[in-house]
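Structure assessment
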Amino acid sequence: MQLDTGRYIAHLRVTQKALYAYKVDMSLSVLFTVLGFAVMIAVWTAIYAATGSTQIKGLSLPAIYAYFIVIGGLNFIVGTNIDDQMMNSINDGSIGTAMLKPIRYPVQLVLGTIADSFSLFSVPALLFFIAALAIAHAGLGLWQAAAFLAEVVMAFCIINLFGFLVGLAAIYLTNVYGLVSIVFSVISILGGMVAPLTFYPQWAQNILYLSPLPSMFYFPASTFLGTISTAMIWQSIAVGFVWILILLGIAAVGWKKMSIKVALAGG
Amino acid sequence: MEDAIVAGNLRKRFKTHESLRGKKVFLASLRRRSFYKQALDDVSFSVPRGQIVALLGKNGSGKSTLTKIMTGILFPDSGEIRVLGLNPWKDRIRLAMEIGVVLGAHGQLFWNLPASDAFEYNRRIYEVPDSTYQKRLSYFVDRLELGDVYKRQVRQMSLGEQMKCNFVSSCLHMPKIVFLDEPTIGVDLPSKLALRETISEMQRRFGTTFILTTHIVEDIAIAERVIMLDKGKKIFDDTKENLEKLFGDKRYITLKFDGRAPSKVKMGKVLEREANVLKLEVPHRAIKSRAMMDLLDSKRVMDYSVSEVDLSHILSKLYRKLDRRDRTGGRYAT
């Protein structure tokens, strides 16, 4: 496949510019993420207070705070709205116009998400990460930072591939809000957004560690805070990489099959 | 002349659904029947480079499907199509560099950004050199009387201004073929004229091929050729003049009488009668007939005018005929 870097940069720039134009929307997104994080802090503070323990499963309350602050930061940069974008453009027919550009539609989506995540929300994400390190009294070594960066990129790929597959379903289902909610709930519970996976039974952890779900939030957050072993980090990178290949394959085949029907879905 | 588009025996059918009637609203919404709709049925044609073709037909006749197949965003079930020598869906990205498309409501502009940003974006993705881009931009701004409008946010533009900017956006890379779907919808009269003149000039100066899907009769006037679809079949493919002849080789004659107008005359059909004025539809050849000459020479006729049957009349007559055929299940052949 030919890489048209000039076109991609142009698309990245204009998408970024269009996103900056929605300043209120951007501010509300930041507020929404902060509120979500605040809810988790409140819930876990209540849990620790109710149990009267200083540690649960080896994690202190400040460690839990740090964990959820990292999750909040990750949410800024790996969160996706590809599914929403696809559903809307399929339903209103604008996907036809998008497909007429000399840039492949899936590439347009990826570039749009990169513009959204890594440029607009990288500053608040960075602030969250610094705050987490301060609360956990933790440092960040070079190896740890490199592993974290690799896991963030992998989380971005996996989450957006999931989003792409859900969006693709809009060709058949028209409205995928229900599916989006189900997928979000599964990711929240099993991906480490509502609790570190160490809180689950060992057998459940063993199964989950072979799935793509912990690569979305749990592994990057734990790597960042240094709460998992080096061996586990390598395993998470290996498993995540395999899942990216599998999901890419499914997405490529799915797009090839579904793009035949996509233009007529919008009229 | 080399062909811009060659299509042979194109067929496309869609699976669609309709809800079945049930006693309960909830059950009715669950029950539905699937059926296939033949959107294109054995459509063949070729378009030489530099021709303006009007693609006509009632809603659901297959125009959009055909346009989507020609632009490469839809696959035909069977048949052959080459656009600029390329297979539209296999070489979609290469073809995208050579064509321009304005799809009515779905614009190329960014709602919260000035149109100039979309122009600049297209300059980059279509790899137009800056100096060429500047020349083309000033050409289109001048021809379409855009002034500084394109520097405003799209959401602050009128529909007509958006339409003109969409047209510019689609043509800045000087495509060899431009597909226009209802390009003058919502556009004021001076802008409509400017758009039509620009299309004609692009065809003359640059040899651009235009495929124009429209319901607006004045837009059809700039086309050299008309392809008409009905229920996915091509029912007419000839010059605009021949369409007029085929469906309307007639003339309107308005007669003003000295006194009360007669209720009927033998050489034509009375369309309107009002006190001393009579409007007739007569065969073209009847204008110079002896009977007509005698009538016009008679002292009873004070004044008269002759006009051609316009395209809107022809099309509405044709569409009514097609509707009647659909209701009765009969056939209509041109």
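Remember, predicted model here, so these are calculated numbers, not experimental data.

Observations regarding the overall build of chain B
When its secondary structure is counted, chain B shows eleven helices and 13 strands. Counting every position in chain B, which comprises 334 residues, the buried fraction comes to 51%. Sequence-distant contacts, at least 24 apart, represent 67% of the contacts inside chain B between residues at least 6 apart. Carbon and sulfur atoms form 48% of the exposed surface of chain B, whose accessible area is close to 16900 Å².

Description of the interface of chain B and chain A
The interface is formed by 24 residues belonging to chain B together with 25 residues belonging to chain A. Roughly 2500 Å² is buried in total at the junction of chain B and chain A, and carbon and sulfur atoms are behind 67% of that figure. At the junction of chain B and chain A, the tally comes to two salt bridges. The shortest N-O distance in the salt bridge between Asp117(B) and Lys17(A) comes to 2.9 Å. Across the chain B-chain A interface, the total number found is four residue pairs in polar contact (both at pLDDT 80 or more). Take the side of chain B that touches chain A: its biggest share by element is four residues, from helix 4 (residues 115-125) of chain B.

A short note on the side chain of Lys101(A)
Topologically, Lys101(A) is positioned in the loop between helix 5 (94-99) and helix 6 (105-120). A residue is classified by how much of its surface remains accessible, and Lys101(A), at 12% relative accessible area, is buried. Residues in contact with Lys101(A), not counting those within four places in the same chain, are Gln108(A), Ile93(B), Ala96(B), Tyr121(B), Ile125(B) and Tyr126(B).

A short note on the packing of helix 3 (residues 61-78) of chain A against helix 12 (residues 218-225) of chain A
All names here are of chain A. Two elements in contact, helix 3 and helix 12, have axes whose closest approach is 9 Å; the angle formed by their N-to-C orientations is 125°. As the angle between them shows, helix 3 and helix 12 are arranged oblique. Between helix 3 and helix 12 lies a crossing of right-handed hand. For the pair formed by helix 3 and helix 12, the contact residues are Ala66, Tyr67, Val70, Ile71 and Leu74 on the first element and Tyr218, Pro220, Ala221, Ser222, Phe224 and Leu225 on the second.

Regarding the pattern of salt bridges
All names here are of chain B. Tallying each qualifying case throughout the model produces 18 salt bridges over all chains. Glutamate 120 serves as the salt-bridge partner of arginine 124, at 3.2 Å between the closest nitrogen and oxygen. Of this pair, arginine 124 and glutamate 120 are both found in helix 4, four residues apart, which corresponds to roughly one turn of the helix. Accessibility expressed as a relative area gives 35% for arginine 124, which makes it partly exposed.

What about unusual backbone geometry?
Residues and elements named next belong to chain B. At glutamate 127, a position not held by glycine, the phi torsion is positive, near 55°. Backbone geometry places glutamate 182, a non-glycine residue, at a positive phi of 50°. Within the secondary structure, glutamate 182 sits in the loop between strand 6 (177-181) and helix 7 (189-206).

Here's the deal with the pairing of strand 6 of chain B
Residue and element names in this part refer to chain B. Strand 6 sits mainly inside the fold: five of its five residues count as buried. Burial of the side chains of strand 6 extends over both faces: Ile177, Phe179 and Asp181 are buried on one face and Val178 and Leu180 on the other. Where strand 5 (residues 99-103) meets strand 6, five bridges bridge the pair, whose relative direction is parallel. Looking at strand 6, one finds that glycine 100 is bridged to valine 178. The pairing of strand 6 with strand 7 (residues 209-213) spans five bridges and is parallel. Residue pairing in the sheet places phenylalanine 179 in a bridge with isoleucine 211 of strand 7. Regarding topology, helix 7 serves as the crossover connection from strand 6 to the parallel strand 7, and that connection is right-handed.

A short note on the domain arrangement of chain B
Split by domain assignment, chain B resolves into domain 1 (42-244) and domain 2 (249-311). Of note, the centres of domain 1 of chain B and domain 2 of chain B, computed from C-alpha atoms alone, are 42 Å apart.

Examining the packing of aromatic side chains
Residue and element names in this part refer to chain A. According to the stated counting rule, one finds 22 aromatic pairs over all chains in the structure shown. Centre to centre, the rings of phenylalanine 129 and phenylalanine 224 are 5.3 Å apart; their planes meet at 45°, and the pair counts as tilted. Separated by 95 residues along the polypeptide, phenylalanine 129 in helix 7 (residues 122-136) and phenylalanine 224 in helix 12 bring together distant segments of the chain. Here phenylalanine 129 and phenylalanine 224 have matching classes, each one buried.

A closer look at the environment of Phe206(B)
All names here are of chain B. Residue position: phenylalanine 206 is located in helix 7. Taking the C-alpha atoms as reference points, phenylalanine 206 and methionine 293, separated by 87 residues in sequence, lie 48 Å from one another. Beyond its immediate chain neighbours, meaning those up to four positions away, phenylalanine 206 contacts Tyr139, Met174 and Glu201.

A word on helix 2 (residues 63-71) of chain B
Residues and elements named next belong to chain B. Of all nine residues in helix 2, eight are buried; the element is thus mostly enclosed. Along helix 2, the positions that sit buried rather than exposed are Lys63, Thr65, Leu66, Thr67, Lys68, Ile69, Met70 and Thr71. Phi turns positive, to about 90°, at glycine 72, one or two residues after helix 2.

The rules behind these values
- Residues numbered from 1 in each chain as written.
- Chains lettered and ligands numbered in written order.
- Predicted model: local features only at pLDDT ≥ 70, side-chain atom pairs only at ≥ 80, totals over all residues.
- Heavy atoms only, no water.
- Helix = DSSP H or I, 4+ residues; strand = E, 2+ residues; numbered from the N terminus.
- Buried < 20%, exposed > 50% of the residue type's maximum accessible area, 1.4 Å probe, protein only.
- Contact = heavy atoms within 4.5 Å.
- Areas by Shrake-Rupley, 256 points an atom, 1.4 Å probe, with all protein chains shown as cover.
- Buried area = accessible area lost by both parts, 1.4 Å probe.
- Salt bridge = Lys/Arg side-chain N within 4 Å of Asp/Glu carboxyl O.
- Polar contact = N/O pair within 3.5 Å; in protein donor to acceptor, adjacent residues only side chain to side chain.
- Axes fitted to C-alpha atoms, helices over the stretch in contact; angles between N-to-C directions.
- Parallel < 35°, antiparallel > 145°, perpendicular 65-115°, else oblique.
- Left-handed = near helix turned anticlockwise from the far one by under 90°.
- Pairing = 2+ DSSP bridges.
- Right-handed = clockwise from strand over helix to strand, strands pointing away.
- Domains from an automatic or database assignment.
- Phe/Tyr/Trp six-rings, centres within 6.5 Å; stacked < 30°, edge-to-face > 60°.

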